[in-house]
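So you can see what is in the structure, the chains are spelled out below.
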Amino acid sequence: MAQTLLAVLLVVAAAHAAPDLARLRDFSWLKQWSARWNGSHGAPSPLWLPLIVLVACALVQAALQHALFGLPALALGVLVLFYSWGPRDLGADIEAVLKAPDSDRRHAAAQGLRPVPAAEPLAFQSAPLVEATFASALSRWFGVLFWFVVLGPAGALAYRVVQLLARHPSFAAELDAAPRARLERLALILDWAPSHLMALTLALATEFDAVIKTWRDYHAAHGQGYFTLDLGFLGALARAGIDADVIAGDGYATDVDDPLVELADAHTVLRRILYVWIALVALVVVAGWAS
C-alpha cells in the first residue's frame, strides 16, 4: 500500500506541475484494436476488451512485484496511473474557463468540462457547470484512483478502457446499440463505489447537513434506494455542497448564481476531496506499519 501511496502522490504532483504532459495519453492503439475486433467476423462481445487489458496488465504487475525491491512495479504503477488519469487535464480545463478573456471564449472553454464529449452543449450556468465538473472529476480522477487503490495499475487501466469504449464518441460510434448498452452498464457499475465515496467525502469537505439532506431527498424523490445504478445523485449533491460552501465562504447567497464563483469553488472542493482520499490511503499505510 505504501507503493500505491507513493505512486498516487507522484502522479497528482506531475499532473498539477506539468499539465501539458496530458498529450502523452494516446489511446490510438485501443482505437485500432477496437476497430479490428468489431470488424472481425463473429467477434465476441467488446466487453472482452477491458477484461483482456485487465488480465494482461495484472500479469505484468505480478511479474514485477518482487523484482529489484519493487522498483519496477512502482514505475509501472506511476506510468499506468498517469496514463489513465484524465485523459484531459481537469484542472487545466477549469482554469481555461476561469481565465477566458470574454464570454464567447469562456463558453467555448466550458465545453471541455463535459464528461461525455458528444453530449449536448453545456449551458454557461452555475448548476450545469458544477454538475459537469463533478461528473468529469469522477471519470478523470476519482474512478481511476479508486480502482488503482483496489486493483493496482490493472484496475486503473481497465477503468479507463471501459470509460473510453462506453462513452467516447470515437469508440462508441462503432458499436451496435446492444454492446454499447452493456459497456455503459459496466461503466456505471465501476462508477458506483467511487461516486458514493465522493459523495461522503463531499459532505465532509463542505456542508455536511446540506449534502446529506439532499442525498436523502434525491433517493426519496426517485424511490429507488441507494443500491441502484442511478448516479444522478452526485450532481444534486455537488450543487448543494458547492452552494453551501460558497455561502459559508463569503456570506453572499447571490454568488450561487455566478457561474465563475461556483466553478472556482467546485475546483477547490474537488481538490479537498482528492486530498482527503490521499490522506485515507496514507492512514491505511501508517496503520499497516504500526501493526
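Structure: see above.
Definitions and cut-offs
Residues numbered from 1 in each chain as written. Predicted model: local features only at pLDDT ≥ 70, side-chain atom pairs only at ≥ 80, totals over all residues. Heavy atoms only, no water. Helix = DSSP H or I, 4+ residues; strand = E, 2+ residues; numbered from the N terminus. Contact = heavy atoms within 4.5 Å. Expected span 1.5 Å × (residues − 1). Buried < 20%, exposed > 50% of the residue type's maximum accessible area, 1.4 Å probe, protein only. Salt bridge = Lys/Arg side-chain N within 4 Å of Asp/Glu carboxyl O.

**Student:** Go over the environment of Val 149, please, and point to the residues and values.
**Tutor:** Here Val 149 lies in helix α7 (residues 126-151). Through-space distance from the C-alpha of Val 149 to that of Val 281 is 8.2 Å; in sequence the pair is 132 residues apart. Those residues within four positions of Val 149 in sequence are excluded, and the remaining contacts are Met 1, Thr 4 and Val 281.

**Student:** Any chance you could break down the environment of Trp 33 for me, citing the residues and the numbers?
**Tutor:** Position of Trp 33 among the secondary structure elements: in helix α2 (residues 28-39). Each C-alpha atom, one on Trp 33 and one on Leu 49, is 8.8 Å from the other, the two residues being 16 residues apart in sequence. When near neighbours in sequence (up to four residues on either side) are disregarded, Trp 33 contacts Leu 49, Ile 52 and Val 53.

**Student:** Give me helix α4 (residues 71-84): which residues, what numbers.
**Tutor:** Over its 14 residues, α4 extends 20 Å from the first C-alpha to the last, a length consistent with the 20 Å expected when each residue adds 1.5 Å. Within α4, the full set of buried residues consists of Ala 73, Leu 74, Leu 76, Gly 77, Val 80, Leu 81, Phe 82, Tyr 83 and Ser 84. At the C-terminal side of α4, Gly 86 shows a positive phi close to 105°.

**Student:** Explain the pattern of salt bridges to me, using residue names and the numbers behind them.
**Tutor:** Applying the stated criterion across every chain yields a total of nine salt bridges. A salt bridge links Glu 95 to Lys 99; the shortest N-O distance between them is 3.6 Å. With a relative accessible area of 28%, Glu 95 lands in the partly exposed category. Note that Glu 184 is salt-bridged to Arg 167, the shortest N-O span being 3.1 Å. With Glu 184 in helix α10 (residues 177-205) and Arg 167 in helix α8 (residues 153-167), the pair connects residues that are 17 residues apart, well separated along the chain. By relative accessible area, Glu 184 is classed as partly exposed at 26%. Accessibility expressed as a relative area gives 17% for Arg 167, which makes it buried. Salt bridges linked by common partners bring Arg 88, Asp 93 and Arg 140 together as one network.

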